[in-house]
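Listed below, chain by chain, are the residues.
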Amino acid sequence: MHRTLFNDLVELCRILERTRSRTEKIALLVRFLDKLGEDEVIPAVRILSGKLLPEYSSRSLEVGITLIRRVLRTLPDRGLILEHRPMTILEVYELLNRIAKACGEGSRKRKERLLTALLTRLSNTEREYVLRSIFGEMRIGVSTGLLLEAIARLTGSSIECVKRAYMYTPDIGELASIAKINGIDGLRRTTLSLFRPIRPMLAEICYSIREALRELGSIVAFEYKYDGVRIQVHKKNKKVRIYTRRLSDITEGIPELVEIVLDNIKCDEIILDGELVGYIDNKPVRFQDLMRRFRREKLSKDLGSMNLLPYFFDVLYYNGRVLTDISYENRWGILEKVVDEGILANRIVTKDMNAAKDFLKRAEEEGHEGLMAKRLDSIYTPGVRAKTWLKIKKAITIDLVIVGAEWGHGRRSRWLSNYYLAVWNDSNDEFLVVGKTFKGLTDEEFEEMTKRLLKLKVGETERVIWVKPKIVVEVAFNEVQRSPKYKSGYALRFARITRIRYDKSPEEVTTLRELGRIYEEQFKRKARLNK
DNA sequence: GTAGAGAATCTTC
DNA sequence: TTCTGACAGATTCGG
DNA sequence: CCGAATCTGTCAGAAGAAGATTCTCTAC
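Attention in this report is confined to the structure presented alongside it. (Residues numbered from 1 in each chain as written. Chains lettered and ligands numbered in written order. Predicted model: local features only at pLDDT ≥ 70, side-chain atom pairs only at ≥ 80, totals over all residues. Heavy atoms only, no water.)

## Observations concerning unusual backbone geometry
Stated formally: For helices the rule is a DSSP run of H or I covering at least 4 residues; for strands it is a run of E covering at least 2, with both sets numbered from the N terminus onward. Buried means the residue's accessible area, taken with a 1.4 Å probe over protein chains only, is under 20% of the maximum for its type, while exposed means over 50%, and partly exposed covers the values in between.
Even without being a glycine, asparagine 237 presents a positive backbone phi close to 50 degrees. The residue asparagine 237 is located in the loop between strand 3 (229-236) and strand 4 (239-243) in this model. Taking relative accessible area as the criterion, asparagine 237 reaches 42% and is therefore assigned partly exposed. A positive phi angle, near 60 degrees, is found at phenylalanine 494, a position not held by glycine. Assignment of secondary structure puts phenylalanine 494 in the loop between strand 19 (490-493) and strand 20 (496-500). A relative accessible area of 40% means that phenylalanine 494 is categorised as partly exposed.

## Observations concerning the environment of serine 21
Put simply, the rule is: Between N or O atoms, a polar contact is any pair within 3.5 Å; within protein, one atom must be a potential hydrogen donor and the other a potential acceptor, and residues adjacent in sequence are included only when both atoms are from side chains.
In this structure, serine 21 sits in the loop between helix 1 (6-18) and helix 2 (22-35). By relative accessible area, serine 21 is classed as partly exposed at 29%. C-alpha separation for the pair serine 21 and glycine 141, spaced 120 residues apart in sequence, amounts to 9.7 Å. A polar contact is formed between the side chain of serine 21 and the side chain of threonine 23, at a distance of 3.0 Å. Of the polar contacts made by the side chain of serine 21, one reaches the backbone nitrogen of glutamate 24; its length is 3.2 Å.

## Focus on the sheet that holds strand 1 (residues 202-206)
For clarity, the threshold we go by: Paired strands, in this sense, are two strands between which DSSP finds at least two bridges. For helices, the axis comes from a line fit to the C-alpha atoms of the stretch in contact; other axes are also lines fit to C-alpha atoms, and the angle between any two N-to-C directions lies between 0 and 180 degrees. For this analysis, residues touch if any pair of their heavy atoms sits within 4.5 Å.
Pairing within the open sheet is mixed, and its five strands lie in the order 1-11-10-2-9. Two strands close off the open sheet at either side, each with one partner strand: strand 1 and strand 9 (347-350). Along the sheet, successive strands turn relative to each other by an average axial angle of 35 degrees, direction set aside. Relative to strand 11 (residues 385-393), strand 10 (residues 370-375) is paired through five bridges, and the arrangement is antiparallel. Across the sheet, residue leucine 371 finds its bridge partner in strand 11, namely isoleucine 392. Against the sheet, helix 11 (residues 209-216) contacts strand 1, strand 2 (220-225), strand 9, strand 10 and strand 11, and its axis sits at roughly 160 degrees relative to strand 11.

Listed below in structure tokens is the structure:
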């Protein structure tokens, strides 16, 4: 059997990193995949894509930045190594797997030793790419999209065929392997089956009802967008399994949900897509609190009163039939018949803007995130962010001042691109950080912001340039969270800069008190936990 | 030897 | 989770 | 009518927050 050197893979990565053209990257990938031995495809593709373990795997590497730093410090100088036999892809992959397998007492040490053993046998360049792969960030401009194209070219099949196959294959390495060994037929044979979770379909963001109606056609389905955790439920008679968005099985942690499914769904075989929400006293809990309850092994007292409730909004499989290719409207028809109303997502179908607006208002008043808008004739595309599903959720904006910044990485390494945002604490005459953001500015603005910030520099700790609070920005966010980390006690969820406020001075930014008020206001709609 | 604190990592959004 | 930018193909514009 | 300019879809990559679990370390 053909054995490819790990260094060949690293060379490919280096070339890919330098290559800008996508078509050329694909050609390079095809040539490489073509030369690999059949048993090398999974390891090579997993390393190349920075996804060393498939999503559904219950194992994880548990190698982070700290461990790597420690290993790198103690690594013997490359010049002293006696063994020069280069490693093959399979050998590298095997060692990585052994690192992932280590668990229990002393496992951190074992992982460290194994990683040291691996890196010791690699050249400096090889080390770099192994580490990138461990981190899951290859930064070679190749991810699933281009790999799928490459697989299509490799087998001579259409990109649609490969994408379809990928929807039902949880791991791109396995897909490449199927393509390599079984060709087009193998790809065509992949399909949805019970207790093999698939990646859920994703939605694009949209800013208004008007936009949604314009994008999706004259008549549109609007569903409540619940603020919870995405779940995929597989049921066959009395057997029920529940999976997350990243395909891990969380059935054991939420037995009450299994009961709900068995009690409220009347059919033999089904796969459902939905959202799991926490309730206390008929009010939904904040996401932060749901996390405390969600797949937790032992419950503390205050969480005992939290009910978990699923809302299903799609059906992908029903009594032996795969439904992903039939229309949303037809799928809903089946869903409606099989699933009790109480655990069905709240929905209307309308072409009337005002009806939709009222519906959005109701969703928000009931403490939910917003609405989903869906095209009636759309098919279900697993793992794909489709423009046939749009999410509409409200954002709040406030003005904050930048008090610190960090240098970026990769294409942003020349800029201060990550900003500490602060409110004004009027009772103590100080600025207090309420979170960081790196989102919202254009390259040009980063360039300018970097210059302005450097002029305001007042100090520097390890990674942060602290600046005089002068620059005010308008920041959008979705929720105020309680923060154990920041002195202010608050943190913003999904903060992003929407505008640089040249016209505002730091004295005019939002105060701690005002932010506190926004925080409190959330409890008009959301349940409060004693914490 | 063990309890509890702390660090590191992972997972959800 | 959100956001911006690059590439590639499709479409429109100007002479 | 043809090449250039502009638009559009898709992909990649930049990083945020909290909370739970697991392992390690420290104090007794």
